[in-house]
Amino acid sequence: WHRVIRNRTMLYLVVPSLVFGSGYASIFNFVTDFTQVKHIGAPSWFFISYALVVILLRLTTGRLIDRVDRRLGVVLSLSALGLGLAYASFSFRHWDLIVIGLLTGIGHCYIFPTLSSLTYDSSPVHNRGTSMALYMLGFDLSAMVVSPILGQIAQVWGYYAMYRISAFLILA
């Protein structure tokens with residue numbers, strides 16, 4: 001595994017996975033508390049819009065990913081996720097949860113298959129399994145490590161600050 005991670009190409013794939021994992025953690029681990037603390041509506045508004053856009057886009061535009069430069073797909077996906085988090089940092093109404101769900105859903109819908117394909121295609125045949133495992137580990141490890149930090153940020157500075165910081169990290 002150490003030979004695979006030293007490969008510069010893998011670094012370019014694991015870093016977006018780490019970034020995506022942190023953004024994913026910031027929205028999915030905290031949206032319920034966020035909606036209750038800010039009194040902006042039921043979290044189901046977020047989850048329903050998120051699920052609908054992901055299902056709709058995967059069913060109708062799934063092949064689009066194969067026609068677009070995958071690196072561009074990663075940038076656009078992370079941008080959509082970052083915009084959703086930025087929008088969360090100043091949301092006040094239940095319909096804002098719908099917009100957040102749509103933007104983060106668009107980002108999540110395309111980032112996973114795009115990064116998976118990039119990882120698979122960029123790895124030598126004999127290292128593809130290890131490369132895919134490291135890519136997935138980056139996502140999971142990021143979500144696991146970042147969640148307590150984001151929770152502390154939300155507790156000290158509030159949810160709006162936490163979402164602004166998360167958006168900045170993704171969009172930077």
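Residues numbered from 1 in each chain as written. Predicted model: local features only at pLDDT ≥ 70, side-chain atom pairs only at ≥ 80, totals over all residues. Heavy atoms only, no water.

## Notes on unusual backbone geometry
1) Next: Even without being glycine, His-39 reaches a positive phi, approximately 55°.
2) Next: Locating His-39 in the fold gives a position in the loop between α3 (31-38) and α4 (44-61). (Helix = DSSP H or I, 4+ residues; strand = E, 2+ residues; numbered from the N terminus.)

## A word on the packing of helix α6 (residues 70-88) against helix α9 (residues 159-171)
1) Next: For the pair α6 and α9, the least separation of the axes is 7 Å and the interaxial angle reads 160°. Judged by the angle between their axes, α6 and α9 are roughly antiparallel. Of the two possible hands of crossing, α6 and α9 adopt the one that is left-handed. Contacts between α6 and α9 pair Leu-78, Ser-79, Leu-81, Gly-82, Leu-83, Leu-85, Ala-86 and Ala-88 from the former with Tyr-160, Tyr-163, Ser-166, Ala-167, Ile-170 and Leu-171 from the latter.
2) Next: Class assignment of the residues belonging to the contact of α6 with α9 gives a composition of 11 nonpolar, three polar and no charged. (Axes fitted to C-alpha atoms, helices over the stretch in contact; angles between N-to-C directions. Parallel < 35°, antiparallel > 145°, perpendicular 65-115°, else oblique. Left-handed = near helix turned anticlockwise from the far one by under 90°. Contact = heavy atoms within 4.5 Å. Nonpolar A, V, L, I, M, F, W, Y, C, P; charged D, E, K, R; others polar.)

## Considerations on the confidence of the model for the protein
1) Next: On average, residues of the protein carry a pLDDT of 90, and 97% of them reach 70 or more.
2) Next: Averaged pLDDT values for the elements of the protein fall to 67 in helix α1 (residues 2-6) and rise to 96 in α9. (pLDDT = per-residue confidence, 0-100.)

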